[in-house]
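Listed below, chain by chain, are the residues.
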Amino acid sequence: MEEIHLPDMRLNGQVAMVTGASRGIGKWIALGLADAGARVAVVSRSLEGSRATAQEIGERGGSAALPIEADVSDVDAIQRMVQEVVEHFGRIDCLINNAGINVHKPMLEITPADFDAVSGVNFRGVYFTSQVVAKAMIAQGGGRIVNISSSAGVLLRPGIPNSVYAGTKAAVIMLTKAFAEELAQHKINVNAVAPGYFATPMTTDRISDPEIHRTILALTPIKQIGGPADIIGPVLFLASEAARFITGQTIFVDGGRTII
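Attention in this report is confined to the structure presented alongside it. (Residues numbered from 1 in each chain as written. Predicted model: local features only at pLDDT ≥ 70, side-chain atom pairs only at ≥ 80, totals over all residues. Heavy atoms only, no water.)

## Comments concerning the sheet that holds strand β1 (residues 15–18)
Line of reasoning, step 1. In space, the seven strands of this open sheet follow the order β3-β2-β1-β4-β5-β6-β7, with parallel pairing throughout. Looking at which strands have only one partner, the edges of the open sheet turn out to be β3 (66–69) and β7 (250–253). Direction aside, the axes of adjacent strands within the sheet are offset by 15° on average.
Line of reasoning, step 2. Both β1 and strand β2 (residues 39–44) contribute to a ladder of four bridges, which runs parallel. Bridge pairing in β2 links V15 to R39.
Line of reasoning, step 3. Running at roughly 155° to β2, helix α2 (residues 47–59) makes contact with β2 and β3 of the sheet.
Line of reasoning, step 4. Of the strands in this sheet, β1, β4 (94–97), β5 (143–148) and β6 (188–195) touch helix α4 (residues 112–140), which is tilted by about 180° from β4. (Pairing = 2+ DSSP bridges. Helix = DSSP H or I, 4+ residues; strand = E, 2+ residues; numbered from the N terminus. Axes fitted to C-alpha atoms, helices over the stretch in contact; angles between N-to-C directions. Contact = heavy atoms within 4.5 Å.)

Shown next as structure tokens:
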């Protein structure tokens, strides 16, 4: 009889770096990876926010977390944060490119500054953080990159001005495929998770409006707004040995929004 081993989704002793980890989805992911045994570098533009998440990891019994202040739209800042993580932990096994921002304006009102701000974090940040971390992963023999895209990367709804954000999140889906093909030879898996509506600070203004909330649920087959466990599970899977034969894929974690 063929011997079959159950894949391990624990991350004991591994090092994960999560950007945009001071709140919302990034914070949930950082806490979830720590609960799974990873040592976590908690990155955000606010050192106070990074420290708060790192402290919560410690209070939950996780390994000592490393809080880092960095703006991922700044390539020099990316270089510094990766160097700090490698010097502190010795390696980076998993990168979660979560940092993201949005500007809710109609296309006719978007300014060059708006465009540069959103694309700088959501596209440039993902690109160059992946590049710098991939070099460290190649030196150590491999790793995993998980990009956080969005259902907005493939889905439009009337009356929701989202052009720059949606464009960057669509780009992340294609970057995931391109990076996966190039980095496979270096034993680096690259995948993405595309959330739908989750109860985070970025969506509070919409979810708190009763009429918009009803509309969201009406267009979500599962009839729920996402919570921490809903996003932690798929990210943990892709960060773990259980997903070793998966690369270049995007998992839509959206309650079914993108199927209708």
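## Looking at the side chain of T200
Line of reasoning, step 1. Of note, T200 is situated in the loop between β6 and α6 (204–207).
Line of reasoning, step 2. Residue classification places T200 among the buried residues on the basis of a relative accessible area of 11%.
Line of reasoning, step 3. When sequence neighbours within four positions are dropped, the list of residues in contact with T200 reads G24, I25 and W28. (Buried < 20%, exposed > 50% of the residue type's maximum accessible area, 1.4 Å probe, protein only.)

## Considering the pattern of salt bridges
Line of reasoning, step 1. For the structure on display, the rule yields six salt bridges.
Line of reasoning, step 2. In this structure, R60 and D35 form a salt bridge, with 2.3 Å as the shortest nitrogen-oxygen distance. Of the two residues, R60 is situated in the loop between α2 and β3 and D35 in helix α1 (residues 24–35); the sequence distance between them amounts to 25 residues.
Line of reasoning, step 3. For the salt bridge of D114 with K105, the shortest nitrogen-to-oxygen distance reads 2.8 Å.
Line of reasoning, step 4. You can call D114 buried: its relative accessible area is 13%.
Line of reasoning, step 5. Taking the relative accessible area as the measure of exposure, K105 reaches 27% and is therefore partly exposed. (Salt bridge = Lys/Arg side-chain N within 4 Å of Asp/Glu carboxyl O.)

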